[in-house]
Amino acid sequence: MPFGEYDYAMDDKGRVVIPPAFREFIEDGMVITRGMEGCLYVFPLDVWKRLEEQLEKLPLTDAPSRSFVRFFYSGASKNRLDNQYRLSIPHPLRQFAQLETAVVVAGAPNRLELWNPERWNQVLSEVQTSPPKPELLDNFIA
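Cut-offs used in this document
Residues numbered from 1 in each chain as written. Predicted model: local features only at pLDDT ≥ 70, side-chain atom pairs only at ≥ 80, totals over all residues. Heavy atoms only, no water. Helix = DSSP H or I, 4+ residues; strand = E, 2+ residues; numbered from the N terminus. Rg over C-alpha atoms; globule rule 2.2 N^0.38 Å. Buried < 20%, exposed > 50% of the residue type's maximum accessible area, 1.4 Å probe, protein only. Contact = heavy atoms within 4.5 Å. Areas by Shrake-Rupley, 256 points an atom, 1.4 Å probe, with all protein chains shown as cover. Pairing = 2+ DSSP bridges. Axes fitted to C-alpha atoms, helices over the stretch in contact; angles between N-to-C directions. UniProt positions renumbered as here; feature names shortened; annotations may be inferred. Salt bridge = Lys/Arg side-chain N within 4 Å of Asp/Glu carboxyl O. Polar contact = N/O pair within 3.5 Å; in protein donor to acceptor, adjacent residues only side chain to side chain. Expected span 1.5 Å × (residues − 1).

**Student:** Would you mind going over the overall build of the protein with me for this structure?
**Tutor:** Tallying secondary structure elements over the protein gives 5 helices and 8 strands in all. Each helix (α) and strand (β) of the protein, taken in turn from the N terminus, gives the series β-β-α-β-β-α-α-β-β-α-β-β-α. Scaling as 2.2 N^0.38, a compact globule of 142 residues should have a C-alpha radius of gyration of about 14 Å, and the protein matches this with 16 Å. If one aligns the C-alpha atoms of the protein with their principal axes, the spans along those axes are about 40 × 35 × 30 Å. Looking at the protein as a whole, 36% of its 142 residues qualify as buried. A sequence separation of at least 24 residues applies to 64% of the contacts in the protein between residues at least 6 apart. Surface summary for the protein: the accessible area is close to 9100 Å², and the carbon and sulfur share equals 52%.

**Student:** Sorry if this is basic, but what is going on with the sheet that holds strand S3 (residues 30-34) here?
**Tutor:** Within a sheet, neighbouring strands are paired by backbone hydrogen bonds and run either parallel or antiparallel to one another. Strands sit in the order S1-S7-S8-S4-S3-S5 across an open sheet of 6 strands; the sheet is antiparallel. Two strands close off the open sheet at either side, each with one partner strand: strand S1 (5-9) and strand S5 (77-79). Sheet twist, expressed as the mean angle between neighbouring strand axes with direction ignored, is 25 degrees. Contacts between helix H2 (residues 45-56) and the sheet are confined to S3, strand S4 (40-44) and S5, with S4 contributing the most and set at about 105 degrees to the helix.

**Student:** Mind showing me how you'd approach unusual backbone geometry here?
**Tutor:** Of all residues except glycine, most have a negative phi; of all peptide bonds, most are trans. Phi is positive for Tyr85, which is not a glycine, with a value near 65 degrees. Of note, Gln98 is a non-glycine position whose phi angle comes to about 55 degrees, a positive value. Positionally, Gln98 belongs in the loop between helix H4 (91-97) and strand S7 (102-108).

**Student:** Sorry if this is basic, but what is going on with the UniProt feature "domain: SpoVT-AbrB" (unreviewed entry) in the protein here?
**Tutor:** The UniProt record annotates "domain: SpoVT-AbrB" (unreviewed entry) at residues 5-47 and 76-119. Taken end to end, residues 5-47 has its terminal C-alpha atoms 20 Å apart, with 23% of it in helix and 42% in strand.

**Student:** Quick question: what am I supposed to make of the pattern of salt bridges here?
**Tutor:** Within this structure, the stated rule accounts for 4 salt bridges. Note that Asp11 is salt-bridged to Arg15, the shortest N-O span being 2.7 Å. Salt-bridge contacts for Arg111 lead to Glu113; the nearest nitrogen and oxygen are separated by 2.8 Å. A relative accessible area of 9% places Glu113 in the buried class.

**Student:** Looking at this structure, how should I read the side chain of Ser65?
**Tutor:** Among the secondary structure elements, Ser65 is positioned in helix H3 (residues 63-74). For Ser65, a relative accessible area of 11% translates into the label buried. Polar side-chain contacts of Ser65 include one of 2.6 Å to the side chain of Asp62. Not counting residues within four places of it along the chain, the set of residues in contact with Ser65 comprises Leu58 and Pro59.

**Student:** What should I look at first to understand helix H5 (residues 117-129) in this one?
**Tutor:** Residues three or four positions apart in an α-helix share a direction because the helix packs 3.6 residues into each turn. If you check H5, its first and last C-alpha atoms are 19 Å apart, about what 13 residues at 1.5 Å a residue would give, namely 18 Å. Its side-chain oxygen 2.8 Å from the backbone nitrogen of Glu118, Asn116 forms the N-cap of H5.

**Student:** Quick question: what am I supposed to make of the pairing of S4 here?
**Tutor:** Every regular strand shows the same layout, with side chains that alternate between the two sheet faces. Here S4 lies mainly inside the structure; 5 of its 5 residues are buried. Burial along S4 is two-sided: the face carrying Leu40, Val42 and Pro44 and the face carrying Tyr41 and Phe43 are both buried. Inspection of the sheet shows S3 paired to S4 by 5 bridges, in the antiparallel sense. Each residue of the ladder has a partner; that of Val31, found in S4, is Phe43.

Written out as structure tokens, the structure reads:
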């Protein structure tokens, strides 16, 4: 599981170096797509396949399900790291996540997240002032 956060710079071609701690996690390829709260999700191919299987089970007749699948799939892009361990982020995804030069690369369960630093700090601040409901944390620490 990838964990930690790292500050990196994106070059003028939309490439960002993936931190050494995360490289093995996505070395066999990945899918990058829109994430929640305005970040980008980077899934290793095996995790993407499991996620895809779950998305395929959503009912086609349910409008919110269709909207979510559309949101998730339409921005998705298969990718591999180049020889310098850089991930090339497609322009529409850079726009969505408001990535210009500075990028926070953060680990999360089963994925990496790419953040605009201002959004990242805002999300961290929000969770500190409004933590999850206590019942969501019941089994968090046993």
